[in-house]
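# Report on the structure
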Amino acid sequence: TGEISIEQLQNIDVQSTLIGHSERRQIFAEDNNVIAQKVQACAQGSFPFILCCGEALQTRELGEHLPFVLAQLSDNLSQLSAAQLHLLVVAYEPIWAIGTGKVASVENAIEVISSVKQEISTKPFYDEEKIRFIYGGSVSPTNASELLNTKIIDGVLVGGASLDVDKFVQIIKSVKL
């Protein structure tokens, strides 16, 4: 998610990468400018990527979460063209719900992802059929079914639960095809 070139990833048959993950933003101080450069590098290399966006608890509590997330996306995707859109998956990952024990409600996720979809739909490159919107933030067997079976959320970005085979299998089984 940050220290390996696209060419290195392609050489070992990696199919996509994460950009803008909360840990990279926090620990390595990757700002929107750095993230936009990574988006551009993936786009130029025709390399699929998941763009992570999300807010800290303080931002949410101040009611500034929607403008914050929308600004992240606007800044991060400013150089993406319509022809490169098929490379993009947008992941909403509220930082306050990652490994903290606090869990975003499905309504929280739907609120942000709906706003993100609405904002992106105003961009000249938008094509609803080409962009997927996923949720990441303490995804578990308890909340996966409700998240995955909404009409707004296209998938989940599973963190810690993916390290437990039984939990991960439960998440997979929660999808209604």
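For the structure itself, consult the block above.
Everything in this summary refers to the structure shown in the same document. Please read all numbers here as calculations on a predicted model, not as lab measurements.

Here the focus is the pairing of strand S3 (residues 88-92). With 5 of its 5 residues buried, S3 lies for the most part within the structure. By the bridge criterion, 5 bridges tie strand S2 (residues 49-53) to S3 in an arrangement that is parallel. By the bridge assignment, Cys52 is partnered in S3 with Ala91. As paired elements, S3 and strand S4 (residues 132-135) share 4 bridges and run parallel to each other.

One finds Phe49, Leu51, Leu73, Leu88, Val90 and Tyr135 to be the most contacted residues of the largest nonpolar core, which totals 40 residues. Of all elements in the fold, only helix H1 (6-11), helix H3 (32-44), S2, helix H5 (65-76), S3, helix H6 (106-120), S4 and helix H7 (144-148) reach the threshold of two or more residues within this core. Per-element accounting of this core gives the leading share, 6 residues, to H6. Among all residues touching Leu51, those that are not within four sequence positions of it are Ile19, Arg25, Ile35, Val39, Leu73, Asn76, Leu77, Leu88, Val89, Val90 and Ala91. Listed in part, the 6 residues of the second largest apolar core include Ile50, Val89, Ala91 and Ile134.

On to H5, then. With 12 residues, H5 should reach 16 Å at 1.5 Å per residue; the first-to-last C-alpha distance of 16 Å fits that figure. For H5, the full list of buried residues reads His65, Val69, Gln72, Leu73 and Asn76. End-on view of H5: buried residues confined to an arc of 90 degrees, all on one side of the axis. Lining the buried residues of H5 we find helix H2 (22-27), H3, S2, helix H4 (57-61), S3 and H6.

Rules behind the numbers
- Residues numbered from 1 in each chain as written.
- Predicted model: local features only at pLDDT ≥ 70, side-chain atom pairs only at ≥ 80, totals over all residues.
- Heavy atoms only, no water.
- Buried < 20%, exposed > 50% of the residue type's maximum accessible area, 1.4 Å probe, protein only.
- Helix = DSSP H or I, 4+ residues; strand = E, 2+ residues; numbered from the N terminus.
- Pairing = 2+ DSSP bridges.
- Core = buried A, V, L, I, M, F, W, Y, C linked by side-chain atoms within 4.5 Å.
- Contact = heavy atoms within 4.5 Å.
- Expected span 1.5 Å × (residues − 1).
- Arc of directions from axis to C-beta.

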